Each structure stands twice: as C-alpha cells, then as structure tokens.
Amino acid sequence: MARQAVTLIGGGLVGALLAQLLATRGFSVTVFEKRSDPRRLRFTRGRTINLAIAERGWHALRTAGLAERALQMSVMMRGRMVHGRDGEASLQRYGLDDNEVIWSISRSGLNALLVDAAEEAGATFHFGQTLTGADIDERRLALTDREDVQREYAACLLIGADGAGSALRAAMDLYQPLGIRVEPLGHGYKELEIPPATGSNRFAIEPHALHIWPRGGYMSIATPNIAGSFNVTLFLPLHGPCPSFDTLRDAATASAFFGREFPDLFPLMPCFAEDFDGHPVGKLATLYLDRWHVDGRAVLVGDAAHAIAPFHGQGMNCGFEDAVALADLLANADHDTAGAFAQFQQVRKPNADAIAAMTLENYVEMRDSVADPHYLAKLELAAQLTQWAPQYFMSRYRLVTFTTLPYAYAYARGCVQDQVLERLLRDFSRPCDVPQDIAISTLQQALPPLQMIGNRVVHHEHAPALPHLAFEF
Ligand code: FAD
Ligand code: 8R5
C-alpha cells in the first residue's frame, strides 16, 4: 500500500518531533521551515537559549528513542531557588528527591537533534521556505524562499506546526472560521544573560536550580546553560506606573531600577545595558481556538493551536504530548483523517485549556505568594499530607511536572486537594495542629487513590473519576 503523504509546516520543536514520529510510523513526510537548518548553527557562537523540560517532554522523547541523547545536553534543576530582597536565597524542591527534577535544555541543540532524527527516519526538510498563503480547498500552498522567489506546492495531508504566529492557521481561518481568541496578559518579558563565571567555579550562581527573584507584581528568573551561562528573564507589566516596560524605556533608567530591585543579580550581568537595549520586549498572551482542524484537510498542533504563557514551563512539553497523540491517531486512522483530527482535538483541547489556566495561576504564585504566610502554611501542610498519604495527596505542581496524567485531571484533582488544605487549615489553624487520622480520612473521603508503584504514579489513560466536591463552605 502506498505510504500516506503528509505536508508539515514548521520544523521547530513540535514539527520536527512529529516529523520523526510520523516517518517512523510509515508516513512520507515533507517539512517546510522558514528558518535555516538548525544544525548549521550548532557550532557557531552566540546566545544559547534554554527551555525547561519535564516528564511529559521526556516521555515523548523516549517514545522517539531520543531521551538519552537529549539528556546529555541538559542541566538538572532540583527546585526553585527563591531570592529575597535581603539577598537571602532558599531552595524549595520541586519533588520528593532527585527522581523528581526538571531539566534545562538548549533549544537549538534539541531542535538540531530532532531534525537529525526525523531525517534519519526518512522525513524531508526544506529550510528557508516560508508559507505565505494556502488554498485549503485546493490543497495548494504558496511558499517564499530567502530570495523572495515564490512557488506553489501541491500539499497532501496538511499539519501546521508553525508556532504562535501560524500562517497556516490564518489560511485555515479564512477558509472556515476557527474561533480564534487571543487573551493578552498585559505583561511582557526581556531576555538577559549571566555569562559563565571565571576561575574554578564555572557557574556564577547555583547551577542545579531555577532561580526566582519574586518582587510582587513582577519578577526575574534564571535558568542554567550547560556551558556555565544563565538565561535571565525579567517579567514586568507592559504599561502603567513604574515598574513597567513603558516606564523603563532606556538602559539607563532600567539599570537604576534593576540595580535597586535585584541588587544581588545586577552585578552578575555585565551586558545588562546592551541586552536591555538590544532585545525586544516579548509580549505574553494565551491563544484559544474553538477548532483545531478543517475536516480531514488540515490540523494545527503545538503553539499554533494553543500558545500559552510561560509560567509553568510547559509549552513545549504540551506540544510534545500533542505530537505523540496525533502520530498515534493518524497511524491508526485507516485513512479516516477527519476522524483522527476530530479525535485529536477532542482528546487534547481540554488538556491544553487546563495547562493554559494552571500556567496563569503559576505566575501569581511565582511572583507574589511565595512569601505569603497562608501560602506557606498550605505548602507545609501539603508536604505533611504527601508524607502521610502519598496515594491521596500529590501536589498539582508534581502532577503537572512529574506525571503524564492528563493536564485536565491534574487541574481537577488540584482543585479538590486545595479544598482539603483550606478546610483543614480552617479547622485547625496551624499545619502542625492537624491530626494525622483526620487529615487522612478527609483526603480519602474527597479523592480516589492514585495508582502508584513506589513514589511514581502509574500512567493510565483513564484517570479515576473525581467525585463531586465533598465539602460545602
Ligand atoms: P515553535 O517552536 O515556535 O516552532 C514553529 C516553527 O515554525 C519555527 O521553527 C518557525 O520558524 C516555523 N515557522 C513559523 N512560521 C512559518 C511559516 N510561515 N512558514 C514556515 N515555517 C514557519 N516551553 C517549555 O515547555 N519550557 C520552557 O522552559 C519554555 N521556555 C520558553 C522560553 C521562551 C523565550 C519562549 C518564547 C517559549 C518558551 N516555551 C517553553 C514555549 C515553547 O518554546 C513552545 O511551546 C514550543 O517551542 C512550541 O513548539 P512549536 O513547534 O509549536 O512552535
Ligand atoms: N518562557 C519555567 C517553571 C515553573 C517554575 C516554578 C517558569 C522565559 C519566555 Cl517563567 C517560567 C517555569 O514554578 O518554580 N518551569 O519552567 C520556565 C519559565 O519561563 C521560560 C524560561 C520562559 C517564555 C521567557
């Protein structure tokens, strides 16, 4: 039987992984990518940008047989290193031990690895080719190369992995409205850098952590690169009174502000002014679509379908889950592509919506509540409940980051767990006053147990149904 042909727009992280997965499953895959071949940039100097990768990302890479090679370009991050205004720093572990950590991986290194693997599996890449238009009905694509030469291409099954600004999405929306909604956050970010330290210690600050400088309403973060540098990101409101990007227009004003608010971080960044002036302000928004596909002709994956804010470090992780789900559905579709696309949307959209919501909540947690006494009391009680009843209490952060249970399940379970915490603290005030037997019976009343082997949740497609919330307030 002839191999089914797929045309993929975008050879970024999700597109390249999907190309590998589909080629491995016997599809004939052609990818058009706007940028140049990431493997050409691998050994050139320049900024390295990293991404946080967690269990969902690793799970997808293991499916593709690429986890070991990816691990070699990653730095372990055990937890949040929270830097107070007084310069004191403390580590809040993300998980129970070093089996529950996240990793910082080079974006360009990972992209190059994925493109290599996709080609090895039989996919064909065309770099420097920008999609400029598409006739969805006739399945014809307009592509423009670096010299501005246009050509037409007869597409097959169309998949859009062309990111948050997706050109294929715009073409699909013209053909059949997708119900696109963009919700701007009103906050933006600036990318800065801490260079490698000199001397015996290659890293200027602890390498095995994700650093946060929470300042209430805004924050900076830093993540390590394997070469000893750190990517620093300053998150601020776009508009309004100081501090906002509106009020910090030039490097001089920004330096004075940054030196005042982040006095331990500022001296580690000799290129602050250059970076601040040289890099654009990134805008943050969440993108929702009512429909991700046009019958059996075209479908969107990754950021093209559901761009989210960065505050859970799950954008790529979520896109990788999409890629595995879509590849499996198409491989089993028996040419019913419309059915496979519809099922893809049905399975993935509730999960994309859930991680979008949890991500927005994590911004508030990262920038504000890490110092709030009620939040700290809940954190302490949560740690106690985890110890007393690990099958019943697993923090939402751990469900999102260290399991592959559906995001929507993590969201719903997190909601019930939060109610248990609130109720116990209402009844007993301090975490140390909560009796073990009451805590355990409250949890057992409210939640079904997680299926676990040791500390690890067993992956199951159908997570146990959550009963209606057991409490009334
Ligand atoms: P992209 O990676 O954006 O890839 C889209 C590809 O399509 C690109 O290669 C682009 O060149 C190409 N393309 C675009 N338009 C066209 C066109 N018209 N024709 C042809 N090709 C086109 N996620 C995490 O999980 N953890 C993190 O720590 C994290 N950190 C992030 C940090 C930053 C600064 C940003 C911006 C995002 C971060 N994310 C993170 C989110 C993550 O980058 C995205 O979710 C992920 O890259 C989505 O993959 P994608 O392939 O869908 O889109
Ligand atoms: N993305 C991340 C987390 C959660 C950290 C925690 C947060 C930068 C533009 Cl802001 C952010 C996280 O709860 O302690 N894990 O991974 C990555 C994050 O930001 C990335 C680097 C980023 C878009 C700029």
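The structure displayed is predicted, hence computed values, not measured ones.

A.B. asks: Could you give an account of the packing of helix H2 (residues 55–63) against helix H9 (residues 315–331), naming the residues involved and the relevant values?
C.D. replies: Relative orientation of the contacting elements H2 and H9 amounts to 35°, with a least axis distance of 8 Å. Note on packing geometry: the crossing formed by H2 with H9 is left-handed. Residues Arg-56, Gly-57, Ala-60, Leu-61 and Thr-63 of H2 touch H9, and the partners they reach there are Asn-317, Phe-320, Glu-321 and Val-324. A per-class count over the contact of H2 with H9 returns four nonpolar, three polar and two charged.

A.B. asks: For the nonpolar core, give the residues involved together with the corresponding values.
C.D. replies: Grouped together as the largest cluster of nonpolar side chains are 75 residues, with contacts concentrated most on Leu-61, Leu-110, Ile-159 and Phe-320. For this core, the leading source of residues is helix H1 (residues 13–24), giving nine residues. Setting aside residues no more than four positions away along its own chain, Leu-61 makes contact with Ile-53, Leu-66, Ala-67, Ala-70, Leu-110, Leu-114 and Phe-320. Listed in part, the 22 residues of the second largest apolar core include Ile-205, Tyr-218, Val-232 and Ala-254.

A.B. asks: Quick rundown of H9? Include the residues and the values.
C.D. replies: One turn of an α-helix holds 3.6 residues; hence residues three or four places apart share an orientation. Its 17 residues place the ends of H9 24 Å apart at the C-alpha level, agreeing with the 24 Å of an ideal helix rising 1.5 Å per residue. Counted residue by residue, H9 has 13 buried out of 17 residues, so it is predominantly covered.

A.B. asks: Could you give an account of the pattern of salt bridges, with specific residues and numbers?
C.D. replies: Applying the stated criterion to the full structure yields 28 salt bridges. One salt bridge in this structure joins Asp-116 and Arg-39, with 3.0 Å as the shortest N-O distance. Of this pair, Asp-116 sits in helix H4 (residues 107–120) while Arg-39 sits in the loop between strand E2 (28–33) and strand E3 (50–53), placing them 77 residues apart in sequence. You can call Asp-116 partly exposed: its relative accessible area is 22%. The shortest N-O distance in the salt bridge between Arg-56 and Glu-321 comes to 3.0 Å. Note that Arg-56 is positioned in helix H2 and Glu-321 in helix H9, a separation of 265 residues in sequence. Both residues of the pair, Arg-56 and Glu-321, belong to the buried class. Connected through shared salt-bridge partners, Asp-37, Arg-39, Asp-116 and Glu-119 make up one network.

A.B. asks: So what about the site of ligand 2? Which residues, and what values?
C.D. replies: Within the structure, ligand 2 sits among 16 residues, and Ala-52, Arg-80, Tyr-94, Pro-310 and Asn-362 are positioned closest to it. Note that an oxygen atom of ligand 2 is positioned 2.5 Å from one of the side-chain N or O atoms of Arg-80. For ligand 2, an oxygen atom lies 2.9 Å from a polar atom in the side chain of Asn-362. Burial of ligand 2 by the surrounding chains reaches 88%, relative to a free accessible area of 540 Å². Sorting the residues of the shell around ligand 2 by element identifies strand E14 (210–214), strand E16 (230–237) and helix H10 (337–367) as the ones contributing at least two each. When grouped by side-chain class, the residues that make up the shell around ligand 2 number eleven nonpolar, four polar and one charged.

A.B. asks: Could you give me a rundown of the packing of aromatic side chains, with the residues and numbers involved?
C.D. replies: Across all of its chains, the model carries 19 aromatic pairs by this definition. A network of ring pairs unites the aromatic residues Tyr-218, Phe-257, Phe-258, Phe-262, Phe-266, Phe-272 and Phe-276 as a single cluster. Lys-190 extends its terminal NZ or CZ atom over the ring of Phe-276, reaching a point 4.5 Å from the ring centre. Against the face of Tyr-363 rests Arg-367, its NZ or CZ located 4.4 Å from the ring centre.

What counts and how
Residues numbered from 1 in each chain as written. Chains lettered and ligands numbered in written order. Predicted model: local features only at pLDDT ≥ 70, side-chain atom pairs only at ≥ 80, totals over all residues. Heavy atoms only, no water. Axes fitted to C-alpha atoms, helices over the stretch in contact; angles between N-to-C directions. Helix = DSSP H or I, 4+ residues; strand = E, 2+ residues; numbered from the N terminus. Left-handed = near helix turned anticlockwise from the far one by under 90°. Contact = heavy atoms within 4.5 Å. Nonpolar A, V, L, I, M, F, W, Y, C, P; charged D, E, K, R; others polar. Core = buried A, V, L, I, M, F, W, Y, C linked by side-chain atoms within 4.5 Å. Buried < 20%, exposed > 50% of the residue type's maximum accessible area, 1.4 Å probe, protein only. Expected span 1.5 Å × (residues − 1). Salt bridge = Lys/Arg side-chain N within 4 Å of Asp/Glu carboxyl O. Near = heavy atom within 4 Å. Polar contact = N/O pair within 3.5 Å; in protein donor to acceptor, adjacent residues only side chain to side chain. Areas by Shrake-Rupley, 256 points an atom, 1.4 Å probe, with all protein chains shown as cover. Phe/Tyr/Trp six-rings, centres within 6.5 Å; stacked < 30°, edge-to-face > 60°. Lys NZ or Arg CZ within 6 Å of the ring centre and 35° of its normal.

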